[in-house]
Number of protein chains: 4
Amino acid sequence: MIHDVTNRPDVPPRPGRPRDGRLDDAIVRATLELLDERGFTGLTLAAVAERAGTTTPAIYRRWSSKSELVLAAVFRTEGDDVVANTGDLATDVRTMVRWSLAKFGQPAGRAALAGLLAEPVGDVGARSDQLALVWRRTGERLADAVDQHEVRAGVDTRLLMTLLSGPALMAAAVFGATADDEVWVDQIAAAVLMGVQST
Amino acid sequence: MIHDVTNRPDVPPRPGRPRDGRLDDAIVRATLELLDERGFTGLTLAAVAERAGTTTPAIYRRWSSKSELVLAAVFRTEGDDVVANTGDLATDVRTMVRWSLAKFGQPAGRAALAGLLAEPVGDVGARSDQLALVWRRTGERLADAVDQHEVRAGVDTRLLMTLLSGPALMAAAVFGATADDEVWVDQIAAAVLMGVQST
Amino acid sequence: MIHDVTNRPDVPPRPGRPRDGRLDDAIVRATLELLDERGFTGLTLAAVAERAGTTTPAIYRRWSSKSELVLAAVFRTEGDDVVANTGDLATDVRTMVRWSLAKFGQPAGRAALAGLLAEPVGDVGARSDQLALVWRRTGERLADAVDQHEVRAGVDTRLLMTLLSGPALMAAAVFGATADDEVWVDQIAAAVLMGVQST
Amino acid sequence: MIHDVTNRPDVPPRPGRPRDGRLDDAIVRATLELLDERGFTGLTLAAVAERAGTTTPAIYRRWSSKSELVLAAVFRTEGDDVVANTGDLATDVRTMVRWSLAKFGQPAGRAALAGLLAEPVGDVGARSDQLALVWRRTGERLADAVDQHEVRAGVDTRLLMTLLSGPALMAAAVFGATADDEVWVDQIAAAVLMGVQST
DNA sequence: TGATAAGCGAGACGGTACGTCCGGTCTTGAG
DNA sequence: CTCAAGACCGGACGTACCGTCTCGCTTATCA
């Protein structure tokens with residue numbers, strides 16, 4: 001019987017049996033489901049394995065720990081949807097806020113954030129390649145804004161990043177805001193823009 | 001020999017042996033220390049018990065879980081230092097930002113937030129009396145601002161709360177800002193004020 | 001309202017409120033019942049207290065530990081029924097064997113024995129006044145037999161005691177023999193008598 | 001590096017990681033030591049684990065309770081030393097008495113019996129494979145004696161077993177007899193033999 | 001009669017020990 | 001080198017229970 005094992009792009013073929021790409025997806029999907037159902041604390045790797053139809057060692061071959069798995073599962077993105085650099089700051093800010101709400105507005109996102117804060121590591125992104133990518137792209141877009149003097153003097157990239165992601169995170173975590181709540185997106189984006197734009 | 005076990009104020013004595021008030025203090029103190037040393041994940045109730053000179057059951061009699069203990073330990077405040085309602089919004093906003101940075105700028109604060117997010121519970125404040133107090137006071141002060149039209153139309157209390165605490169959290173968690181960083185306090189407070197004040 | 005609290009004999013009246021004699025009975029009764037239902041390990045002082053309609057401190061005022069309570073409850077006897085010194089050794093041996101079977105043939109007796117063996121104490125009787133009384137009376141009766149040359153030379157009191165109580169205990173504990181099993185009483189008594197009687 | 005973990009014989013390898021055979025030994029050894037030092041009540045599974053250099057779950061994987069562990073540890077025998085069926089009843093009875101004294105003459109043996117009695121279970125041997133073996137061999141030897149008419153009519157196997165082990169237990173538990181006390185061995189064996197042998 | 005002293009129910013407390021859950025590792029046998 | 005299957009090790013957890021203690025009250029003896 002011939003079945004395509006759906007392997008990712010074209011990595012130079014390593015010796016031995018190749019990894020079953022469908023397992024990656026099944027594991028991630030199971031993780032997200034269980035994260036929504038039980039939260040970070042209630043998540044069990046055994047449960048993930050069972051729902052994904054595999055075993056724990058198969059998970060550990062892919063991610064080195066529970067937190068890594070959660071991060072990878074939640075921040076699975078191609079990166080393009082985070083910041084569409086349209087050239088218009090207002091539009092892009094709304095996009096970023098909406099992205100943050102989308103991520104943190106669901107239980108899985110809260111769980112991922114919890115995992116992120118729970119360990120005493122300073123550098124965000126050192127924990128997840130995907131998260132690092134998002135962070136870097138956001139930074140680049142905002143650095144542009146600073147360079148183009150779209151924001152007033154005294155506002156730097158780092159401040160912009162906190163102003164954007166922080167309120168979105170809080171709104172999602174505390175008040176249950178989601179990406180569908182256009183009111184929240186509007187209000188946060190508006191306040192940030194008014195707070196930083198050059199006069 | 002009768003020795004006073006340092007019991008709290010004068011509550012009408014409940015039946016049963018009263019709790020040893022010194023244990024409460026010792027447990028909270030040990031929790032904060034260990035939180036700073038090892039973070040939320042690394043925190044063990046057994047370790048807390050050992051350092052506090054007691055045992056885990058004594059902790060469980062007081063708090064029902066690790067997250068509750070952490071919340072109680074971190075948000076131990078009289079509530080007065082959170083918002084000094086001076087009547088001047090700019091001053092009070094700076095105070096609140098500084099308070100947020102103070103809390104989230106230390107590992108213990110991050111850990112508390114992690115504990116809050118790790119379990120799938122909706123209502124903040126339903127988890128900790130002390131946190132609820134802080135939250136309520138902050139809300140009252142900001143509701144005043146809304147009533148007095150110190151902020152422009154379209155800005156409500158909840159939005160204000162996210163704008164205040166969110167960036168402070170991010171600055172602390174990602175960039176290592178602390179309450180001593182007057183630059184961070186200034187910048188965040190300024191941006192928020194400019195973003196919401198009535199024209 | 002005048003109710004006789006059924007106090008035991010005439011002890012020189014101590015100051016303070018006298019003990020409620022009915023509690024003693026209720027506690028002992030509850031202990032025996034629960035011992036039969038759950039065994040020594042499964043016995044809880046809280047359960048005893050509840051069934052006796054009282055509280056644990058009332059129990060601890062009377063017996064200093066769980067094992068003491070169990071011993072006292074099981075070996076409650078006036079001592080007269082242990083050895084009726086009829087002058088006829090055969091009769092008295094049968095009585096003693098029957099008494100042993102009666103005690104150890106019920107779950108409560110097994111439990112008491114377990115409690116006795118579980119702690120590293122050499123001297124039987126040092127643990128329970130009542131047990132000590134039984135033991136002493138048995139010894140006295142058998143010493144008589146030795147003195148009267150009812151047993152052959154080389155058989156001493158201590159050997160007699162082990163020969164009497166040991167098999168009864170084993171029969172009860174392992175094979176479930178009870179005092180009603182006249183076959184067991186007969187066989188054990190007969191074997192012992194034949195084994196020790198003077199020719 | 002591959003190191004042989006000293007696994008028992010050559011059983012057809014079950015799926016899963018094999019058990020570390022050295023832990024079994026260490027646990028049993030620690031149990032016996034602590035039993036002698038502190039008795040059954042004073043024995044703690046945590047203490048056993050610590051001395052054996054492992055943890056409690058490892059113990060629970062092997063034995064389901066404290067009593068089971070104690071039984072297994074104490075009655076670790078090949079069974080051959082219990083009854084050397086020499087054909088001569090007198091010799092074999094002495095051997096059995098000596099074996100009983102050896103077992104019950106040390107705290108560990110008493111503890112095992114305590115564990116056996118502490119829980120309300122009927123069938124001895126259903127609790128420990130090793131004990132069952134001992135019990136069965138003893139029974140077989142004595143059944144022989146009955147078949148060969150070495151004992152008088154009316155004496156059956158079960159009675160013989162109680163007569164043998166009971167006095168030994170009592171002598172050991174109450175009077176501190178050990179297997180080295182040839183006097184005790186002689187006296188008990190003699191009395192039993194005279195009590196049961198055919199005329 | 002009042003003071004002293006011990007008992008009572010009620011119930012919580014401190015701490016030892018328990019038994020379990022689960023994260024992460026390892027083994028076997030097959031592919 | 002991967003897979004499924006499954007057991008193992010040990011850190012940490014949350015609980016059961018023993019024995020103690022405090023409270024507010026009752027019941028006795030002694031002054």
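Residues numbered from 1 in each chain as written. Chains lettered and ligands numbered in written order. Predicted model: local features only at pLDDT ≥ 70, side-chain atom pairs only at ≥ 80, totals over all residues. Heavy atoms only, no water.

Here we come to the overall build of chain A. Helices and strands together make up the secondary structure of chain A, namely nine helices and zero strands. Buried positions account for 50% of the 199 residues belonging to chain A. Looking at chain A alone, contacts between residues at least 24 apart form 62% of all its contacts between residues at least 6 apart. Of the roughly 9700 Å² of accessible surface on chain A, a fraction of 52% belongs to carbon and sulfur atoms. (Helix = DSSP H or I, 4+ residues; strand = E, 2+ residues; numbered from the N terminus. Buried < 20%, exposed > 50% of the residue type's maximum accessible area, 1.4 Å probe, protein only. Contact = heavy atoms within 4.5 Å. Areas by Shrake-Rupley, 256 points an atom, 1.4 Å probe, with all protein chains shown as cover.)

Take the interface of chain A and chain B next. Interface size is often expressed as the accessible area that is lost when the parts come together. With 41 residues of chain A at the contact, the number on the chain B side is 42 residues. Both sides of the chain A and chain B interface together cover about 3600 Å² of buried area, and 70% of this is carbon and sulfur. The tally of links between chain A and chain B comes to two residue pairs in polar contact (both at pLDDT 80 or more). Only α1 (21-42), α6 (107-118), α8 (157-175) and α9 (182-196) of chain A provide two or more residues apiece to the side of chain A that touches chain B. The leading source of residues in the side of chain A that touches chain B is α8 of chain A, at 14 residues. (Buried area = accessible area lost by both parts, 1.4 Å probe. Polar contact = N/O pair within 3.5 Å; in protein donor to acceptor, adjacent residues only side chain to side chain.)

Turning to the pattern of salt bridges, a few remarks are in order. Residue and element names in this part refer to chain A. Applying the stated rule across the entire model yields 41 salt bridges over all chains. Between Arg141 and Asp92 there is a salt bridge, with the nearest N and O atoms lying 2.6 Å from each other. Taken as a pair, Arg141 in helix α7 (residues 129-147) and Asp92 in helix α5 (residues 89-104) lie far apart in primary sequence, 49 residues in all. A relative accessible area of 0% places Asp92 in the buried class. (Salt bridge = Lys/Arg side-chain N within 4 Å of Asp/Glu carboxyl O.)

All names here are of chain A. By the assigned domains, chain A splits into domain 1 (21-62) and domain 2 (89-196). Taken over C-alpha atoms, the centre of domain 1 sits 27 Å from the centre of domain 2. On the domain 2 side, the residues contacting the five residues of domain 1 number four residues. Both sides together, the interface formed by domain 1 and domain 2 hides about 390 Å², and carbon and sulfur atoms give 74% of it. Sorting the residues of domain 1 by area buried against domain 2 places Leu35, Asp36 and Phe40 first, and these three jointly supply 91% of that buried surface. For the interface between domain 1 and domain 2, the tally reads zero salt bridges. Its residues assigned to classes, the side of domain 1 that touches domain 2 comprises three nonpolar, one polar and one charged. (Domains from an automatic or database assignment. Nonpolar A, V, L, I, M, F, W, Y, C, P; charged D, E, K, R; others polar.)

Once chain A is rotated about the relating axis by 178° and shifted along it by 0.3 Å, it coincides with chain B to within an RMSD of 0.5 Å. On the angle and the small slide along the axis, the relation comes out as a two-fold axis. Both copies contact each other with a shared surface, as 98% of the interface residues of chain A are interface residues in chain B too. (Least-squares fit on C-alpha atoms with pLDDT ≥ 70 in both.)

Moving on to the environment of Glu50 of chain D. Residues and elements named next belong to chain D. Take Glu50: it is sitting in helix α2 (residues 45-52). Residue classification places Glu50 among the exposed positions, given a relative accessible area of 66%. Sequence spacing of Glu50 and Ala30 is 20 residues, and the spatial spacing of their C-alpha atoms is 8.8 Å.

All names here are of chain A. Applying the stated criterion to the full structure yields twelve aromatic pairs over all chains. Taking the centre distance of 6.3 Å and the plane angle of 75° together, the rings of Phe75 and Phe104 count as edge-to-face. Within this pair, whereas Phe75 is found in the loop between α4 (66-74) and α5, its partner Phe104 is found in helix α5, the two being separated by 29 residues in sequence. By relative accessible area, which is 2% here, Phe75 ends up buried. Using a relative accessible area of 9% as the deciding quantity, one classes Phe104 as buried. Taken together, the ring pairs connect Phe75, Trp99 and Phe104 into an aromatic cluster. (Phe/Tyr/Trp six-rings, centres within 6.5 Å; stacked < 30°, edge-to-face > 60°.)

Take chain D, turn it by 178°, move it 0.3 Å along the axis, and it overlays chain C with an RMSD of 0.5 Å. Both copies present the same face, since 95% of the interface residues in chain D are matched by interface residues at the equivalent positions in chain C.

Moving on to α5 of chain A. Residues and elements named next belong to chain A. Along its 16 residues, α5 runs 22 Å from first to last C-alpha, staying within 8% of the 22 Å computed at 1.5 Å per residue. Buried within α5 are the following residues: Leu89, Asp92, Val93, Thr95, Met96, Val97, Trp99, Ser100, Leu101, Lys103 and Phe104. Each element contacted by the buried residues of α5 is listed here: α4, α6, α7, α8 and α9. (Expected span 1.5 Å × (residues − 1).)

This brings us to the environment of Val185 of chain D. Residues and elements named next belong to chain D. Relative to the helices and strands, Val185 is located in helix α9 (residues 182-196). Between the C-alpha atom of Val185 and that of Thr95, which follows or precedes it by 90 residues, the distance is 8.8 Å. Contact partners of Val185, with chain neighbours within four places excluded, come to Arg94, Val97, Arg98, Leu101 and Ala179.

Next up on the list: helix α1 (residues 21-42) of chain B. Helical geometry note: an α-helix holds 3.6 residues per turn, so side chains three or four residues apart project in the same direction. Given a rise of 1.5 Å per residue, 22 residues ought to cover 32 Å, yet the end C-alpha atoms of α1 of chain B are separated by just 26 Å, more than 12% below that figure. Along its length, α1 of chain B reaches its greatest deviation from straightness, about 90°, at Asp36 of chain B. Within α1 of chain B the residues assigned to the buried category are Gly21, Leu23, Asp24, Ala26, Ile27, Val28, Ala30, Thr31, Leu34, Leu35, Gly39 and Phe40 of chain B. Structurally, α1 of chain B contributes buried residues whose contacts are with α6 of chain A together with α2 (45-52), α3 (56-62), α4 (66-74) and α6 (107-118) of chain B. Two or three places before Arg22 of chain B, at the opening of α1 of chain B, Asp20 of chain B has a side-chain oxygen 3.0 Å from that residue's backbone nitrogen. (Bend = angle between axes of the 7 residues up to and from the residue.)

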